[in-house]
Amino acid sequence: MNKMKLKQLTKTDFIQFLNCPESLWLFKNKPDEYPKGVFSLFLKKLIKEGYETEEYAKKLFLHGVEIPESAEPSYTEEKLKSSNKVFFQPAFITKKGQFARIDILEKLPDDSFHIYEIKSSTSIKIDKKHNHLKDACFQKFIMQECGYQISKVSIIHLNKHYVKSGEIDAQKLLEIVDVTDEIDEIYSGVVNEINFASTYINREFINEFNCSCKTKTRSNHCDSFKIFNKIKDYNIYELRNIREKKITELVNFNNEILTDVPHDFKLNDYQKLQIESLRQGKPIIDNNSISALLSDLKYPLHFIDYETYASAIPKIDGLSPHKHLTFQVSIHTMEINGQLTHYEHLAYKMDLNDEMLNGMKNFTGIEGTFISWHASFEIARNNDMINWIPDFKDYLDYINQNMFDLEVIFKKYYVDYKFRGSSSIKKVLPVICPEFSYSELDIQDGTSALDTWGRLVEDKNFSEDKEETKKNLLSYCELDTLAMVKIYESLKSLN
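As the structure is a computational prediction, the values presented were derived from the model and not from experiment.

Basis of the calculations
- Residues numbered from 1 in each chain as written.
- Predicted model: local features only at pLDDT ≥ 70, side-chain atom pairs only at ≥ 80, totals over all residues.
- Heavy atoms only, no water.
- Phe/Tyr/Trp six-rings, centres within 6.5 Å; stacked < 30°, edge-to-face > 60°.
- Buried < 20%, exposed > 50% of the residue type's maximum accessible area, 1.4 Å probe, protein only.
- Helix = DSSP H or I, 4+ residues; strand = E, 2+ residues; numbered from the N terminus.
- Lys NZ or Arg CZ within 6 Å of the ring centre and 35° of its normal.
- Expected span 1.5 Å × (residues − 1).
- Polar contact = N/O pair within 3.5 Å; in protein donor to acceptor, adjacent residues only side chain to side chain.
- Pairing = 2+ DSSP bridges.

Take the packing of aromatic side chains next. Enumeration according to the criterion identifies 21 aromatic pairs in this entry. Arranged with centres 5.2 Å apart and planes meeting at 70°, the rings of Phe27 and Tyr34 form a pair that is edge-to-face. Judged by relative accessible area, Phe27 falls into the partly exposed class, the value being 36%. With a relative accessible area of 11%, Tyr34 lands in the buried category. For the ring pair Phe61 and Tyr116, a centre distance of 4.8 Å and an interplane angle of 70° mean the geometry is edge-to-face. Taken as a pair, Phe61 in the loop between α3 (41–58) and β1 (65–66) and Tyr116 in strand β6 (residues 113–118) lie far apart in primary sequence, 55 residues in all. Counting every residue linked through ring pairs, the aromatic cluster contains Trp373, Phe410, Tyr414 and Phe419. The ring of Tyr187 carries Lys140 above its face, with NZ or CZ at 4.7 Å from the centroid.

Here you go:
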């Protein structure tokens, strides 16, 4: 094979290969056919937080030499011959086109090297989507292929117990974990995967009629899943909480559409009802159970929703890495006669927000039932605020003890194939109340709200209309609670 035509394999490529080889092949060989989706706000946030974490990690090493991102591996090679001991972002490439840029590289007294891989998580992850040990293996392999001896490998990650108090101390913010032994245990296997990945992306042809994701759950599908797998609407991937084992069985027998699933195929009760709903063309509703649940709610009913901001590096005192700061609330309160009132609060600075809690307490009082969607989130935020602002403990404890999760109904007692196996309010609302929609809003999801608010309060060069942005944030959060009101009213009308 002509060396000049070898396709480059980076660590990011390798991660994609591990998740779906076919998707990476398409990206490398037919880039015009590969989905051109823009970076999601969430992905942009992860990238930004990765850079922020790297900057603090560099503070752990004195006199480190920064290798320019644009520099060729030959530049790194020359720098490593110097008397310097620590290098930031050195680049290496093998004869097979395998490329690595090391976060931090330390030259040891015996002329071997210590690799430091930086992660913005609070632990070392080895799940299906993220395997930090394989990341580090990749870096070690590339360097050793380039003729360097690697005697030690460490992962630097955030300390989940760190609480910001004044200026951030990098020594306390970060943890350095020696993973040399763990790397040694899996190294030979990962090397085989790396070499296979390099060979695979240089193949002239592959089977393009399906990809490795075909037997995975939909949350694990690659970006190019629909290109490789021509799956019709209302398919088995929409079965709620279906596992890979079940998907594999169904795929092997070409039962990929919900109505193709055999009647005697073993599924849970919800999944069976989901298929039956499609066959009947209507929702399947347990009116008695829904009525019993709703009759236990005590008026006034307070439909509540929080919006939160979380960052890898804590922005204000009292917070830990990735802790959620509640910056916004919307509450629609319904009296027993159906009268509806609304309270909202949007913080205009990074703060623990006791003003919001005071306003909430004055609006709702300590009475009635609080209703949320996916209540564990609001409960967790209340517990955080109890720790940060203990003056409101009694009020927040009352909310948590008198919280009803409206989503539960759509996990058990109201099954509609149109929800596509989801109980998200954004899937339920347009089916139950088609006259209401998030699509008309400038801000349509929590990630967008988080990103917008973060830029609004932190970015000195924020170029958008601030008042219009505040209005958009308030409108989004308000619709979340109004949506719950309308869904609740629809459920009440069933009886």
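Now, onward.
Okay, helix α18 (residues 466–492) next. If you check α18, its first and last C-alpha atoms are 39 Å apart, about what 27 residues at 1.5 Å a residue would give, namely 39 Å. The distance from a side-chain oxygen at the start of α18 to the backbone nitrogen of Glu467 is 3.0 Å, and the residue carrying that oxygen is Asp465.

Bringing the pairing of strand β10 (residues 301–310) into the picture now. Of all the 10 residues making up β10, 10 are buried; the element is thus mostly covered by neighbouring parts of the structure. Of the two faces of β10, the one lined by Leu301, Phe303, Asp305, Glu307 and Tyr309 and the one lined by His302, Ile304, Tyr306, Thr308 and Ala310 are each fully buried. Across 10 bridges, the pairing between β10 and strand β11 (residues 324–334) is antiparallel. Its bridge partner being in β11, Leu301 is matched across the sheet by Met334. Bridging between β10 and strand β13 (residues 369–372) involves three bridges; their strand directions are parallel. Note that in β13 the partner of Phe303 across the bridge is Ile371.

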